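Results of the structural survey
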Amino acid sequence: WYQRRVHGKQWYQRRVQLFRVMEQGLLVPDEEVVGLLKDAMGAKAGSTKGFIIDGFPANLEQAKLFEDMVGAPTKIIVFEVNEEVMKIRLKERSNFDDKPESILKRIETFTSQTRPVINQYAKAVIKINADRKPDVIFADVCKALEA
């Protein structure tokens, strides 16, 4: 009980520190992000078949750090969609930061920084055509996870 309480207090303090960083518009350091993922995954390792991590790692430096601290991924699901379709979908979702210039920047960042991660782990990559109806895509994701 005491250990859990101390750990809970440390976790709370860590969350407050991270919130302050994000509140200032700054990025949380990669080491901190990977450390949080490692802790969360370690806490559930015996009670799950695996983990889904969305949008991370986004570049080769993060990938190396993740592999060094946690391990290499066994599967990477990549949603492939035409760039024009992606632009339309991002505009339609109407998020406050989905302005035309920010959408183009995100696509450019994905191409220049995230594509190399996908290429490096090509043996673990499962590509899914995301230019289809959501239920068809979901069925393919389920198959990929079960394989």
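Heads up: the structure comes first, above all this text.
Overview of the structure. Keep in mind it's a predicted model, so treat the numbers as computed, not measured. (Residues numbered from 1 in each chain as written. Predicted model: local features only at pLDDT ≥ 70, side-chain atom pairs only at ≥ 80, totals over all residues. Heavy atoms only, no water.)

1. Examining the overall build of the protein
Applicable threshold: Helix and strand definitions follow DSSP, with helices as H or I runs of at least four residues and strands as E runs of at least two, each counted in order from the N terminus. For every accessible area listed, the method is Shrake-Rupley and the probe measures 1.4 Å; residues are considered covered only by the protein chains on display. We treat Lys and Arg as the positive residues and Asp and Glu as the negative residues; His and chain ends play no part in the count. Charge positions are represented by NZ for Lys, CZ for Arg, CG for Asp and CD for Glu.
Helix and strand counts for the protein stand at 6 helices and 2 strands. Carbon and sulfur atoms form 57% of the exposed surface of the protein, whose accessible area is close to 11300 Å². Charged side chains in the protein number 24 positive and 21 negative. The centres of these two groups are separated by 6 Å.

2. Structural notes on the side chain of Asn59
Selection criterion: Classification of residues uses two cut-offs on accessible area relative to the type maximum, computed with a 1.4 Å probe and protein chains only: under 20% is buried, over 50% is exposed, and between them is partly exposed. Any pair of N or O atoms that falls within 3.5 Å is considered a polar contact. Within protein, one atom must be able to donate a hydrogen and the other to accept it, and sequence-neighbouring residues count only if both atoms are side-chain atoms.
For Asn59, the location among the structural elements is in the loop between α2 (30–44) and α3 (60–69). With relative accessibility at 12%, the residue Asn59 sits in the buried group. Here Glu61 takes part through its backbone nitrogen, which lies 3.1 Å from a polar atom of the side chain of Asn59.

3. Points about the nonpolar core
Inclusion rule: Nonpolar cores are built from buried Ala, Val, Leu, Ile, Met, Phe, Trp, Tyr and Cys residues. Side-chain atoms within 4.5 Å join them into one set. The criterion used for residue contact is that any of the two residues' heavy atoms lie within 4.5 Å.
Among the nonpolar cores identified, the biggest contains 8 residues, and these are Ala63, Ile76, Val78, Val117, Ile118, Tyr121, Ala124 and Val125. Mapped by element, the contributors of at least two residues to this core are β1 (76–80) and α5 (100–120). Discounting residues that sit within four places of it in the chain, Val78 has contacts with Arg115, Ile118, Val125, Ile126, Lys127 and Ile128.

4. Focus: the packing of α2 against α3
Put simply, the rule is: Lines fitted to C-alpha atoms define the axes here, with helix axes fitted over just the stretch in contact, and angles between the N-to-C directions of these axes take values from 0 to 180 degrees. Here is the rule for handedness: rotate from the far helix to the near one, and if that takes an anticlockwise turn smaller than a right angle the crossing is left-handed, while a clockwise turn gives right-handed.
One can describe the packing of α2 onto α3 by two numbers: an axis separation of 10 Å at closest approach and a directional angle of 40°. Between α2 and α3 lies a crossing of right-handed hand. Residues Asp30, Glu31, Val34, Gly35, Leu37, Lys38 and Met41 of α2 form the contact with α3, whose participating residues are Gln62, Leu65, Phe66 and Met69.

5. Thoughts on the pattern of salt bridges
How we decide: The term salt bridge refers to a side-chain nitrogen of Lys or Arg lying within 4 Å of a carboxyl oxygen of Asp or Glu.
In this structure the tally under the stated criterion is 8 salt bridges. A single salt-bridge network, built from bridges that share partners, covers Glu83, Glu84 and Lys87.

6. Examining helix α6 (residues 134–146)
Under the convention used in this document: Every helix has an expected span of 1.5 Å times one less than the residues it contains. Throughout, the arc means that of the directions going from the helix axis to the C-beta atoms.
Taking 1.5 Å of rise per residue, 13 residues should cover 18 Å, and α6 covers 18 Å from first to last C-alpha, within 8% of that figure. For α6, every residue scored as buried is listed here: Ile137, Val141 and Ala144. Seen end-on, α6 carries its buried residues on one side only, within an arc spanning 60°. Facing away from the buried side of α6, by more than 90 degrees, are the exposed residues Asp135, Phe138, Lys143 and Glu146. Here the buried face of α6 lies against β1 and β2 (125–129).

7. Section: the environment of Leu18
Mapping Leu18 onto the fold places it in helix α1 (residues 2–23). A residue is classified by how much of its surface remains accessible, and Leu18, at 13% relative accessible area, is buried. For the pair Leu18 and Pro29, spaced 11 residues apart in sequence, the C-alpha to C-alpha distance is 9.5 Å. Not counting chain neighbours up to four residues away, the residues in contact with Leu18 comprise Val28, Glu32 and Leu36.

8. Thoughts on the packing of helix α4 (residues 83–92) against α5
Put simply, the test is: Here roughly perpendicular refers to angles of 65 to 115 degrees, roughly parallel to angles under 35, roughly antiparallel to angles over 145, and oblique to all remaining angles. Polar here means any residue other than Ala, Val, Leu, Ile, Met, Phe, Trp, Tyr, Cys and Pro, which are nonpolar, and Asp, Glu, Lys and Arg, which are charged; Gly is therefore polar.
Following both chains from N to C, one finds α4 and α5 inclined at 135°, their axes separated by 10 Å at the closest point. Taken together, α4 and α5 sit at an angle that is classed as oblique. In the packing of α4 onto α5, the handedness of the crossing is right-handed. Mapping the contact onto sequence places Glu83, Met86, Lys87, Leu90 and Lys91 in α4 and Ile103, Leu104, Arg106 and Ile107 in α5. Of the residues belonging to the contact of α4 with α5, the class tally is 5 nonpolar, no polar and 4 charged.

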